[in-house]
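As a plain string of letters, each chain reads:
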Amino acid sequence: MANIKSAKKRVLVAQTKTARNKAIRSRVKTMTKKVEAAIAAGDKAAAQASLLTAISEIDRAASKGVFHKNNASRKVARLTKAVNGIA
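What you are looking at is a predicted structure, and each value in this text was computed from that prediction instead of being measured.

Student: Hey, could you run me through the nonpolar core in this one?
Tutor: Soluble globular proteins tend to bury their nonpolar side chains together. Judged by nonpolar contacts, the single largest core of 17 residues is most densely connected at Ile58, Ala61 and Leu79. Contributing elements (two or more residues each) for this core: α1 (5-41), α2 (44-63) and α3 (69-84). In this structure, Ile58 is in contact with Val28, Ala72, Lys75, Val76 and Leu79, ignoring residues within four places of it in sequence.

Student: Teacher, can you tell me more about the pattern of salt bridges here?
Tutor: Side-chain pairs of opposite charge can arise where the charged atoms are in close proximity. Counted by the stated rule, this structure contains two salt bridges. Across the pair Arg27 and Glu57 runs a salt bridge, and its minimum N-O distance is 2.7 Å. Here Arg27, found in helix α1, pairs with Glu57, found in helix α2; they are 30 residues apart in sequence, far enough to count as distant. Glu57 is the salt-bridge partner of Arg60, the closest N and O atoms lying 2.8 Å from each other. Here Arg60 and its partner Glu57 are both found in helix α2, three residues apart, which amounts to about one turn of the helix. Residues participating in the shared-partner salt-bridge network are Arg27, Glu57 and Arg60.

Student: What is the right way to look at the environment of Asn3 in this model?
Tutor: Counting through the fold element by element, Asn3 comes out in the segment before α1. Exposure remark for Asn3: the relative accessible area of 73% places this residue in the exposed category. Put simply, Asn3 and Ser56 are 53 residues apart on the chain and 42 Å apart in space, counted from C-alpha to C-alpha.

Reading guide: rules and limits
- Residues numbered from 1 in each chain as written.
- Predicted model: local features only at pLDDT ≥ 70, side-chain atom pairs only at ≥ 80, totals over all residues.
- Heavy atoms only, no water.
- Core = buried A, V, L, I, M, F, W, Y, C linked by side-chain atoms within 4.5 Å.
- Buried < 20%, exposed > 50% of the residue type's maximum accessible area, 1.4 Å probe, protein only.
- Helix = DSSP H or I, 4+ residues; strand = E, 2+ residues; numbered from the N terminus.
- Contact = heavy atoms within 4.5 Å.
- Salt bridge = Lys/Arg side-chain N within 4 Å of Asp/Glu carboxyl O.

Keep in mind that these numbers describe shape and distance, not what the molecule does.
This is the structure we're talking about:
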């Protein structure tokens, strides 16, 4: 560990932000998996419901800087296209 006070603080701040980003990324992955599971089951109503929560989480992650806005947009577009493809 660093000896200088400011360097010690930077290490702690980095750990805090890493944990926060990891939690947000994990929530997005969980919501995405729920949408994909509903798609695999062929349940369009459940897929659309879980898509709304997934989009909300992805947008929240993008607004907090965890995902780049283009990355978030791409994830939303792919999920939406998959849900709309259910017969």
